[in-house]
Amino acid sequence: MPMSTLINAITFIIVALGKAHGAAAGSCDASDYVIDKPRMRVDRVLAAHDTLEFTGAVISLVDKSVNQNACRGSTIRLQYNTTP
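This is a predicted model, so every value here is computed, not measured. (Residues numbered from 1 in each chain as written. Predicted model: local features only at pLDDT ≥ 70, side-chain atom pairs only at ≥ 80, totals over all residues. Heavy atoms only, no water.)

Novice: Any chance you could explain the overall build of the protein here in plain terms?
Specialist: Along its length, the protein carries zero helices and five strands. Here the C-alpha radius of gyration of the protein, 17 Å, is well above what a compact globule of 84 residues would show, namely 12 Å. Taking the principal axes of the C-alpha coordinates as reference, the protein spans close to 55 × 25 × 15 Å. By the burial criterion, 21% of the 84 residues in the protein qualify as buried. Within the protein, residue pairs in contact and separated by at least 24 positions form 76% of the contacts whose partners lie at least 6 positions apart. Total accessible area computed for the protein in this model is approximately 6100 Å², and 54% of it derives from carbon and sulfur atoms. (Helix = DSSP H or I, 4+ residues; strand = E, 2+ residues; numbered from the N terminus. Rg over C-alpha atoms; globule rule 2.2 N^0.38 Å. Buried < 20%, exposed > 50% of the residue type's maximum accessible area, 1.4 Å probe, protein only. Contact = heavy atoms within 4.5 Å. Areas by Shrake-Rupley, 256 points an atom, 1.4 Å probe, with all protein chains shown as cover.)

If you want it as structure tokens, here you go:
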């Protein structure tokens, strides 16, 4: 019998950041970024092998008073959690 689950929402957080090879010297970490609207409503039942498209979250560079060139080309690792 196929399993299914109700997904009410998906929430994203930044868990790690990788500086680009050859990036400028200096500090760049997850605090240099913010996720706007990290929680997105889904309200859908997903069965095995279903897919889901959603939109809403936006990642932005925080405007700090220090030079942030070290963040240019960074890779941002996200984690998502579902709310049943």
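Novice: Even after reading the chapter, I still don't get the pattern of salt bridges, so can you show me in this structure?
Specialist: Where side chains of opposite charge bring their charged atoms close, a pairing between them can arise. Summed over all chains, the structure comprises two salt bridges. With a shortest N-O distance of 3.2 Å, Lys 64 and Asp 32 are connected by a salt bridge. Of this pair, Lys 64 sits in the loop between β4 (58-61) and β5 (75-83) while Asp 32 sits in the loop between β1 (4-18) and β2 (33-36), and the two are 32 residues apart along the sequence. Taking relative accessible area as the criterion, Lys 64 reaches 30% and is therefore assigned partly exposed. Where Asp 43 meets Arg 41, a salt bridge forms, and the shortest distance between an N and an O atom there is 2.6 Å. (Salt bridge = Lys/Arg side-chain N within 4 Å of Asp/Glu carboxyl O.)

Novice: Looking at this model, I keep getting lost on the state of the cysteines. Mind explaining?
Specialist: Here is the idea: a disulfide is a covalent bond, and it sits between the sulfur atoms of two cysteines. Within this structure, the stated rule accounts for one disulfide. In this model Cys 28 forms its disulfide with Cys 71; the gap between the sulfur atoms is 2.1 Å. Between Cys 28 and Cys 71 the sulfur-sulfur dihedral comes to about 115°; the bridge is accordingly right-handed. A residue pair is termed long-range when its members are at least 10 positions apart, and Cys 28 in the loop between β1 and β2 and Cys 71 in the loop between β4 and β5 qualify at 43 residues. Each member of the pair, Cys 28 as well as Cys 71, carries the same accessibility label: buried. (Disulfide = S-S within 2.5 Å.)

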